[in-house]
Amino acid sequence: FPSHDTLGGITGALDVMYVQARCYLEFAEIENAMEAFERTKNLAAHRGIWPWHYLAEGYLARNLANIGKVTEALEIIRKERDLIANLKMNNNLGIFPDLAELYIRYVVRDWERVRVLVQRLPNFLLVRHLTLVLDDIAGKKSVVTFIDELPENTPREKIYKLVAFAEREVDRETIALGYLRGALEIAARVKSREFFLRQSPALLNLMLKIVQEKPTVFLEDLAVLITERMKLGSGKAHGILAPLTKREIEVLHHLS
């Protein structure tokens, strides 16, 4: 990774640092990801390049929400809005705290606030996803068409689509397991983890069943990450089966 001093341009090293942080995040290397986002945030503030600052800080706030520190996460969002309001320049920086808050409100299932935020944000992927969640809650059928039309050109798109199918069929366990196995097979090749950790309790239960069926190194690691994520949160997650310990995974591995 190049040093900050060797990279010039308008954003300097910030774009590279952000990509590095996102890669750490997708590989579920949370500590490395948060350190990288913190470095990005601080360097961006030092240079006065505020979009990168608020983008990175938004992921720090999201992580706090993921580990159950919702009050602290929302306090970051509040301070961001105050600082943006005091900037003596025309800007659209309010998008960044809105987007981070949208994720946090989704985590805590504050659907009323989610509805307000999706109505004023641009049509980002997260916005489209949560708009569909709201439609599903309201009993609308737009979700089915949207999932069927999702692209599947890259591994990420294929994973997203298969997981969406699994969520749609979650009440038909055999079908949902088939979609989820397909998504996990692709994920094992590209080392994608974090996306799966953000799924619903129902899908997390199915992942744990898949681990029990045929443990692999990737699936064992994923089961441990699910356990750690739960411990970082409230200590238990409503509706999620007790995750496997490392010893239980080892025993299942030998049984298979």
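Preceding this paragraph is the structure being described.
This one's a predicted model, so the numbers in the text were calculated from it and none came from an experiment.

About the thresholds
- Residues numbered from 1 in each chain as written.
- Predicted model: local features only at pLDDT ≥ 70, side-chain atom pairs only at ≥ 80, totals over all residues.
- Heavy atoms only, no water.
- Axes fitted to C-alpha atoms, helices over the stretch in contact; angles between N-to-C directions.
- Helix = DSSP H or I, 4+ residues; strand = E, 2+ residues; numbered from the N terminus.
- Parallel < 35°, antiparallel > 145°, perpendicular 65-115°, else oblique.
- Left-handed = near helix turned anticlockwise from the far one by under 90°.
- Contact = heavy atoms within 4.5 Å.
- Phe/Tyr/Trp six-rings, centres within 6.5 Å; stacked < 30°, edge-to-face > 60°.
- Lys NZ or Arg CZ within 6 Å of the ring centre and 35° of its normal.
- Buried < 20%, exposed > 50% of the residue type's maximum accessible area, 1.4 Å probe, protein only.
- Core = buried A, V, L, I, M, F, W, Y, C linked by side-chain atoms within 4.5 Å.
- Expected span 1.5 Å × (residues − 1).
- Arc of directions from axis to C-beta.
- Lys, Arg positive; Asp, Glu negative; His and termini not counted.
- Salt bridge = Lys/Arg side-chain N within 4 Å of Asp/Glu carboxyl O.

A. The arrangement of the packing of helix α6 (residues 111-120) against helix α7 (residues 125-137) in detail. Where α6 contacts α7, the two axes come as close as 10 Å, and the packing angle between them is 130°. Comparing their axes, α7 and α6 come out oblique. Here the hand of the crossing between α6 and α7 comes out left-handed. Residue-level inspection shows W111, V114, R115 and V118 of α6 in contact with α7, the latter providing V127, L130, T131, V133, L134 and I137.

B. Spotlight on the packing of aromatic side chains. If you walk through the whole model with that rule in mind, you get nine aromatic pairs. Counting every residue linked through ring pairs, the aromatic cluster contains Y18, F37, W52 and Y59. The residue whose ring lies beneath R62 is Y59, and the NZ or CZ to ring-centre distance is 4.5 Å. Its guanidinium or amino end placed over the ring of Y106, R109 lies 4.5 Å from that ring's centre, counting from NZ or CZ.

C. Geometry of the environment of L222. The topology assignment puts L222 in helix α13 (residues 217-232). With a relative accessible area of 1%, L222 lands in the buried category. In this structure the C-alpha to C-alpha distance between L222 and L208, which are 14 residues apart in sequence, comes to 8.9 Å. Those residues in contact with L222 that sit more than four places away from it in its chain are L184, R193, F196, L197 and M207.

D. Geometry of the nonpolar core. In terms of nonpolar packing, the biggest core is built from 32 residues, with I159, V163, L180, L184, F196 and M207 touching the most fellow members. Put simply, the parts of the chain that give this core at least two residues each are α9 (155-168), α10 (173-190), α11 (194-197), α12 (201-213) and α13.

E. How the structure looks around helix α4 (residues 70-86). The terminal C-alpha atoms of α4, which comprises 17 residues, lie 25 Å apart, in line with the 24 Å expected from a rise of 1.5 Å per residue. Along α4, the positions that sit buried rather than exposed are V70, A73, I77, E80 and I84. Projected down its long axis, α4 carries its buried residues within an arc of 85°, all on one side. Counted as exposed and oriented over 90 degrees from the buried face of α4: T71, A85 and N86. Looking at the buried side of α4, the elements it contacts are α3 (50-66) and α5 (95-107).

F. Here's a closer look at the side chain of R62. Note on placement: R62 falls in helix α3. This buried residue, R62, is left without a salt bridge; E194 holds the nearest opposite charge, at 9.2 Å. Ignoring sequence-local partners within four residues, the contact set of R62 consists of L99, A100, Y103 and L126.

G. Looking closely at the environment of G94. Relative to the helices and strands, G94 is located in the loop between α4 and α5. Look at G94 and you get partly exposed, because its relative accessible area is 30%. Each C-alpha atom of the pair G94 and I84 lies 7.0 Å from the other, and the pair is ten residues apart in sequence.

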